[in-house]
Amino acid sequence: MKLLVVGSGEMGRWFGEVVATELGDADVAFADADPEVAESVAEAVGERWVSLSTDEQFDAVCVAVPIAAADEVIERHAGKTERALLDVTGQMAGPVDAMAAVAPDRERVSLHPLFAAANAPGNVAVVTDESGPVTDRVLDALGSAGNRLVETTPAEHDEAMETVQAASHAAVLAFAHAAEDVPEGLTTPVFEDLSAVAEQVTGNSPEVYAEIQATFDGAERVADAAARLADAEADEFERLYRDASARDRDGTDEGKER
């Protein structure tokens with residue numbers, strides 16, 4: 001399989017490396033707006049790099065760029081494959097529509113790894129808009145690498161990300177801003193757990209987190225909930241606490257595994 005990965009950042013490298021490792025016959029090429037980045041990633045992975053302007057044809061093209069650039073990049077590079085088009089951009093409704101518009105006769109799959117590459121393997125959201133042998137091999141490779149593939153829809157995924165990413169990140173960052181220094185020994189397990197999560201979140205790229213907030217709603221609900229709690233009298237606070245406890249016990253429905 002010949003694969004072109006457009007975008008040689010964290011997720012592009014992760015995707016290309018998994019395919020190269022799991023598929024013995026894979027020929028993976030990396031491309032990036034910064035050729036030096038593509039060359040560096042290709043060398044680290046043991047594959048090759050090409051210019052974004054290459055006219056070479058591939059079995060599959062995977063777009064791994066920031067969400068805001070996804071539709072444009074999909075349109076620009078879809079012609080480099082006659083078989084399969086994929087993306088790992090983080091949103092699904094926009095890329096799925098964009099791929100269908102420019103590649104209606106090709107296999108199309110949208111992927112969202114729900115983890116930082118350093119924490120792989122993990123859950124990978126999957127929207128299979130048009131299946132086929134090429135994308136099936138790619139999904140098998142992701143599964144063989146230990147990832148859990150969760151079939152979903154664009155609407156279901158993007159709605160979930162309002163809570164899973166936008167609201168969660170906003171709540172954690174709000175805690176990080178609100179927390180003050182605490183003397184050693186005067187902490188609780190809850191405080192320590194929240195502090196560890198805040199450290200994990202703030203140890204990544206702020207640009208990625210800003211883009212998530214710009215793409216998905218959710219932060220406003222966190223702000224509203226915090227305001228209700230801060231302003232609540234004792235009886236109202238107890239009601240809000242019980243409501244939160246009941247929601248936590250109810251849990252959430254999970255997507256279907258591939």
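Structure's up top.
Just so we're clear, the structure is a prediction, and the values are computed from it rather than from any experiment. (Residues numbered from 1 in each chain as written. Predicted model: local features only at pLDDT ≥ 70, side-chain atom pairs only at ≥ 80, totals over all residues. Heavy atoms only, no water.)

### Description of the layout of surface pockets
- Its boundaries defined by the atoms lining it, the largest pocket holds a volume of some 1300 Å³.
- Contributing to the lining of the largest pocket are 45 residues, with E10, M11, Q165, V208 and I212 lying nearest its centre.
- Ranked by residues supplied to the lining of the largest pocket, first place goes to helix α6 (residues 154–178) with six residues.
- In this model, the second largest pocket occupies a volume close to 1000 Å³.
- Residue lining of the second largest pocket: 24 residues in total, with A225, R228, L229, A244 and R247 positioned closest to the centre.
- For the lining of the second largest pocket, the secondary-structure elements that each account for two or more residues are α6, α9 (219–231) and α10 (234–250).
- When residues in the lining of the second largest pocket are grouped by element, the largest group, eight residues, is from α10.
- Of the residues assigned to the lining of the second largest pocket, the class counts are 14 nonpolar, five polar and five charged. (1 Å grid on protein atoms, 1.4 Å probe; cavity = no way out; pocket = protein on both sides within 12 Å on 5 of 7 lines; lining within 4 Å. Points joined across faces, edges and corners; volume = space filled by probe spheres on them. Helix = DSSP H or I, 4+ residues; strand = E, 2+ residues; numbered from the N terminus. Nonpolar A, V, L, I, M, F, W, Y, C, P; charged D, E, K, R; others polar.)

### Quick notes on the pattern of salt bridges
- Counting across every chain of the model gives 13 salt bridges.
- Notably, a salt bridge pairs E72 with R76, separated by 2.5 Å at the nearest N-O pair. Taken together, the residues span about one helical turn, with E72 and R76 both in helix α3 (residues 70–77) at a distance of four residues.
- The exposure class of E72 is exposed, given its relative accessible area of 51%.
- The class for R76 is partly exposed, based on a relative accessible area of 46%.
- One salt bridge in this structure joins R239 and E236, with 2.7 Å as the shortest N-O distance. With R239 and E236 both in helix α10 and three residues apart, this pair spans about one turn of that helix.
- With relative accessibility at 31%, the residue E236 sits in the partly exposed group.
- By sharing partners, the salt bridges in this structure join K2, D27, R48 and E56 into a single network. (Salt bridge = Lys/Arg side-chain N within 4 Å of Asp/Glu carboxyl O. Buried < 20%, exposed > 50% of the residue type's maximum accessible area, 1.4 Å probe, protein only.)

### Observations concerning the nonpolar core
- Ranked by internal contacts, the top residues of the largest apolar core, which has 34 residues, are F15 and L111.
- Tallying contributions element by element places helix α1 (residues 10–22) first for this core, with six residues.
- Look past the residues within four positions of F15 in its chain and what remains in contact with it is L3, V5, C62, L86, V88, L111, V138 and L142.
- Counting 17 residues, the second-largest nonpolar core is a separate cluster that includes V61, A70, I74 and A78. (Core = buried A, V, L, I, M, F, W, Y, C linked by side-chain atoms within 4.5 Å. Contact = heavy atoms within 4.5 Å.)

### Structural notes on a nonpolar patch on the surface
- Taken together, L229, F237 and Y241 make up a surface patch of nonpolar side chains, about 330 Å² in accessible area.
- Within the fold, L229 resides in helix α9. (Patch = residues over 30% accessible without salt bridge, like charges linked within 9 Å, V, L, I, M, F, W, Y side chains within 5 Å. Areas by Shrake-Rupley, 256 points an atom, 1.4 Å probe, with all protein chains shown as cover.)

### Details of the pairing of strand β4 (residues 58–63)
- Burial of β4 is extensive: five of the six residues sit out of reach of the surface.
- The pairing of strand β1 (residues 2–6) with β4 spans four bridges and is classified as parallel. The partner of V6 across the bridge, within β4, is V63.
- With α3 bridging β4 and the parallel strand β5 (residues 81–87), this β-α-β connection has right-handed handedness. (Pairing = 2+ DSSP bridges. Right-handed = clockwise from strand over helix to strand, strands pointing away.)

### What to know about the pairing of strand β2 (residues 27–31)
- Counting buried positions along β2 yields four of five residues, so the element is predominantly enclosed.
- Two elements, β2 and strand β3 (residues 48–49), share two bridges in a ladder whose sense is parallel. Note on β3: the bridge partner recorded for F30 is W49.
- Of the crossover connections in this fold, the one passing from β2 over helix α2 (residues 35–45) to the parallel β3 is right-handed.

### As for the packing of α1 against helix α5 (residues 133–144)
- Close contact between α1 and α5 brings their axes to 9 Å; oriented N to C, the two are set at 90°. What the angle tells us is that α1 and α5 run roughly perpendicular. Between α1, through W14, F15, V18 and E22, and α5, the contact on the second element is made entirely by V138, A141, L142 and S144.
- Its residues assigned to classes, the contact of α1 with α5 shows six nonpolar, one polar and one charged. (Axes fitted to C-alpha atoms, helices over the stretch in contact; angles between N-to-C directions. Parallel < 35°, antiparallel > 145°, perpendicular 65-115°, else oblique.)

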